Amino acid sequence: ASIQNNCIAETKSSLKLSRSSQQANISNNSMGAPPGGVTIDMENPDRYTISGNNLYPDGSAVINLYNPVHGTITGNTISSYYNGVINMLPNNRGNLGNSNVISNNVISVESWRRNPAGRASKWGIMHIEGYTNRIDGNQIIANGAPNNYSGILIMGGDNNRLNANSIGLGGVNSRSKVIMNGSANNNKVTNSIDNSEFDNGGNRSNTNN
């Protein structure tokens, strides 16, 4: 699938690739979904690229990926009113994705609103369930968020690497910038946040340097 140079809006989901896809290229598009929808929704994508897009409010999620492998999300400008902007989730068989790169995106939550899908504040602007993924060089900003709002949540999966991400949550509890679920192991944060802004979930194998 190659989806390039389009404007897709005012529909429940701008783009949905169901069941599975290989080598999908989604680039240089302008897309947005209404509150009940998802802008980009992909099941079991393999070796995909999502790059150079302008993705805007106000879908309950901007990018949902179920069991993604060996893909990249890079160089996108993403705005939303809700948390759950980028979600890496298990598929309907419970399989977790691996070996993806999320890099050099600008992600802004323009003004905090309760997520229409009912996600809790600690869900994360970026919510990751997967293995051996790299999250590098992203600019993440949220304005007017409540105290327990989180920036990046590693909810499940081991050996994820987070490096050189800038996370500004505008006055909320600083300990919530990066949160690890205690069941996730050996996840590393570097050059991103202070130790006071990090929660390892009570698991010492998850570290911040």
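Everything numeric in this text was worked out from a predicted model, so none of it was measured.

### A closer look at the sheet that holds strand 25 (residues 188-190)
Strands pair in a sheet through their backbones, by hydrogen bonds, and they do so in one of two ways: parallel or antiparallel.
Thinking step 1. Strand order in the open sheet made by the nine strands is 1-5-9-12-16-19-22-25-27, with parallel pairing throughout. Single-partner strands in this sheet number two, and they are strand 1 (2-4) and strand 27 (207-208).
Thinking step 2. Relative to strand 9 (residues 49-51), strand 5 (residues 25-27) is paired through three bridges, and the arrangement is parallel. Residue pairing across strands places Ile26 opposite Ile50, the latter belonging to strand 9.

### Focus: unusual backbone geometry
Thinking step 1. The amide bond that connects Pro57 to the next residue, Asp58, takes the cis arrangement and shows omega of 10°.
Thinking step 2. Topologically, Asp58 is positioned in the loop between strand 10 (54-56) and strand 11 (61-66).
Thinking step 3. Phi at Glu10 takes a positive value of approximately 60°, unusual for a residue other than glycine.
Thinking step 4. Along the polypeptide, Glu10 turns up in the loop between strand 2 (7-8) and strand 3 (15-17).
Thinking step 5. Under the relative-accessibility criterion, Glu10 is labelled exposed at 80%.
Thinking step 6. In this structure, Asn28 takes a positive phi of about 60° despite not being glycine.
Thinking step 7. As for its position among the elements, Asn28 is in the loop between strand 5 and strand 6 (30-32).
Thinking step 8. Since its relative accessible area comes to 45%, Asn28 is described here as partly exposed.

### What to know about the sheet that holds strand 10
Thinking step 1. With respect to topology, seven strands assemble into an open sheet ordered 2-6-10-13-17-20-23, the strand pairing being parallel. Looking along the sheet, the strands with just one partner apiece sit at the ends: strand 2 and strand 23 (166-168).
Thinking step 2. Inspection of the sheet shows strand 2 paired to strand 6 by two bridges, in the parallel sense. Considered in strand 6, the bridge of Cys7 is made with Ser30.

### A short note on the packing of aromatic side chains
Thinking step 1. Tallied over the entire structure, the rule returns one aromatic pair.
Thinking step 2. Ring plane angle 85° and centroid distance 6.3 Å describe the contact between Tyr81 and Tyr82, whose orientation is recorded as edge-to-face.
Thinking step 3. Positioned over the ring face of Tyr81 is Arg113, at 3.8 Å from the centre of the ring.

### Observations regarding the environment of Asn187
Thinking step 1. Judged by its relative accessible area of 0%, Asn187 falls in the buried class.
Thinking step 2. Along the backbone, Asn187 and Asn206 are 19 residues apart, and their C-alpha atoms lie at a distance of 4.7 Å.
Thinking step 3. Beyond its immediate stretch of four places on either side in the chain, Asn187 contacts Ile154, Gly157, Asp158, Asn159, Asn160, Arg161, Met180, Ser205, Asn206 and Thr207.
Thinking step 4. Reaching out from Asn187, the side chain makes a polar contact with the backbone oxygen of Gly157 at a distance of 3.3 Å.

Cut-offs used in this document
Residues numbered from 1 in each chain as written. Predicted model: local features only at pLDDT ≥ 70, side-chain atom pairs only at ≥ 80, totals over all residues. Heavy atoms only, no water. Pairing = 2+ DSSP bridges. Helix = DSSP H or I, 4+ residues; strand = E, 2+ residues; numbered from the N terminus. Buried < 20%, exposed > 50% of the residue type's maximum accessible area, 1.4 Å probe, protein only. Phe/Tyr/Trp six-rings, centres within 6.5 Å; stacked < 30°, edge-to-face > 60°. Lys NZ or Arg CZ within 6 Å of the ring centre and 35° of its normal. Contact = heavy atoms within 4.5 Å. Polar contact = N/O pair within 3.5 Å; in protein donor to acceptor, adjacent residues only side chain to side chain.

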